[in-house]
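# Structural features, examined
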Amino acid sequence: MEATIALRLPRDAASVPVIRQLLDASLRALGVEPQVREDILLMLSEACSNVIQHATPSDDYMVSTELFSDRCVIKVVDTGNGFDFSGTRFPSPTSEHGRGLLIMKALADDIRFVSRPDRGSIVCLEKTLRFVEDAPGLSLLLNEEHREREAHKSPGGTAEDDPYPGDVLRAGEHARTS
């Protein structure tokens, strides 16, 4: 099973709670662990808020979320002038603004930025899903191969013990950002 939510939203702060509530309801129904849901919703909020605050004025922006296997992939697309993410400066410790990219990078397992000059920007965020015991998402999203692989992992095993190294990041690990 794959679940997709795709919305074209008005570039208005009131749109952020709408997509948050839709995604949270889906994650909750599938039995995603509360901490993972909170991380995903905060990443989503930061990406949407950046579009609302910084993108060139336009009528709308697009948010798509895909839930499949053990992943949540969020894409936030604006139609502005594009943004050069390579030159992004990090805020000073006392700054009240500018922390959105840092928050997204800290919470995402993988994050990609695409700037399309005169056509906008795309922020793609990925997070590994973890489920509560007996969650519906375990049987609905995870394929048999993934469930077998997880069942055969020994607690405290090393990367050498994993027959699929690199497929899943362990808790606290973050992929390199580009």
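Refer to the structure printed above.
Residues numbered from 1 in each chain as written. Predicted model: local features only at pLDDT ≥ 70, side-chain atom pairs only at ≥ 80, totals over all residues. Heavy atoms only, no water.

### Looking at the packing of helix α2 (residues 34-54) against helix α3 (residues 100-107)
Rules: Note on definitions: angles span 0 to 180 degrees between N-to-C directions of axes, and those axes are lines fitted to C-alpha atoms, for helices only across the stretch in contact. Numbering goes from the N terminus for both helices and strands, where a helix is a DSSP run of H or I of at least four residues and a strand is a run of E of at least two. Throughout, the term roughly parallel applies to angles under 35 degrees, roughly antiparallel to angles over 145, roughly perpendicular to angles from 65 to 115, and oblique to all others. Should the near helix be turned anticlockwise from the far one by less than a right angle, the crossing is termed left-handed; should it be turned clockwise, right-handed. Residue contacts are defined here by distance: any two heavy atoms, one from each residue, within 4.5 Å place the two residues in contact. Each residue gets one label: Ala, Val, Leu, Ile, Met, Phe, Trp, Tyr, Cys and Pro are nonpolar, Asp, Glu, Lys and Arg are charged, and the others, such as Gly, are polar.
Relative orientation of the contacting elements α2 and α3 amounts to 150 degrees, with a least axis distance of 9 Å. Viewed along their axes, α2 and α3 adopt a mutual orientation that is roughly antiparallel. By crossing handedness, the relation of α2 to α3 is classed as left-handed. Side by side, α2 and α3 meet where D39, L42, M43, E46, A47 and N50 of the first sit next to G100, L101, I103, M104 and L107 of the second. Residue classes in the contact of α2 with α3 are distributed as seven nonpolar, two polar and two charged.

### Remarks on the nonpolar core
Heads up, the condition is: The criterion is simple. A nonpolar core is a set of buried Ala, Val, Leu, Ile, Met, Phe, Trp, Tyr and Cys residues joined through side-chain atoms within 4.5 Å. When accessible area is computed with a 1.4 Å probe and restricted to protein chains, residues below 20% of their type maximum are described as buried, those above 50% as exposed, and intermediate ones as partly exposed.
Membership of the largest hydrophobic core comes to 37 residues, with the highest contact counts inside it found for I40, Y61, L125 and L129. Of all the secondary-structure elements, those providing two or more residues to this core are β1 (2-10), α1 (15-30), α2, β2 (60-68), β3 (71-77), α3, β4 (110-116) and β5 (120-128). The dominant element in this core, judged by the number of residues it contributes, is α2, at nine residues.

### Concerning α3
Let me state the cut-off plainly: When we speak of the arc, we mean the arc of directions from the helix axis to the C-beta atoms.
Every buried residue of α3 is listed here: G100, L101, M104 and L107. One side of α3 carries all its buried residues, which in axial view fall inside an arc of 140 degrees. The elements touched by buried residues of α3 are α2, β4 and β5.

### Quick notes on the sheet that holds β3
Put simply, the test is: Only strands joined by at least two bridges in the DSSP assignment are considered to pair.
Spatially, the five strands line up as an open sheet ordered β1-β2-β3-β5-β4, and their pairing is antiparallel. Among the strands making up the open sheet, the edge pair consists of β1 and β4. Averaged over neighbouring strand pairs, the angle between their axes works out to 10 degrees when direction is ignored. Note that β1 and β2 share nine bridges and pair antiparallel. Within β2, the residue paired with T4 across the bridge is E66. Running over the sheet, α1 touches β1, β2 and β3 and is turned about 170 degrees from β1. Here α3 sits on the sheet and contacts β4 and β5; the angle it forms with β4, its principal contact strand, is near 135 degrees.

Such coordinate-based values are descriptive only and should not be taken to indicate function.
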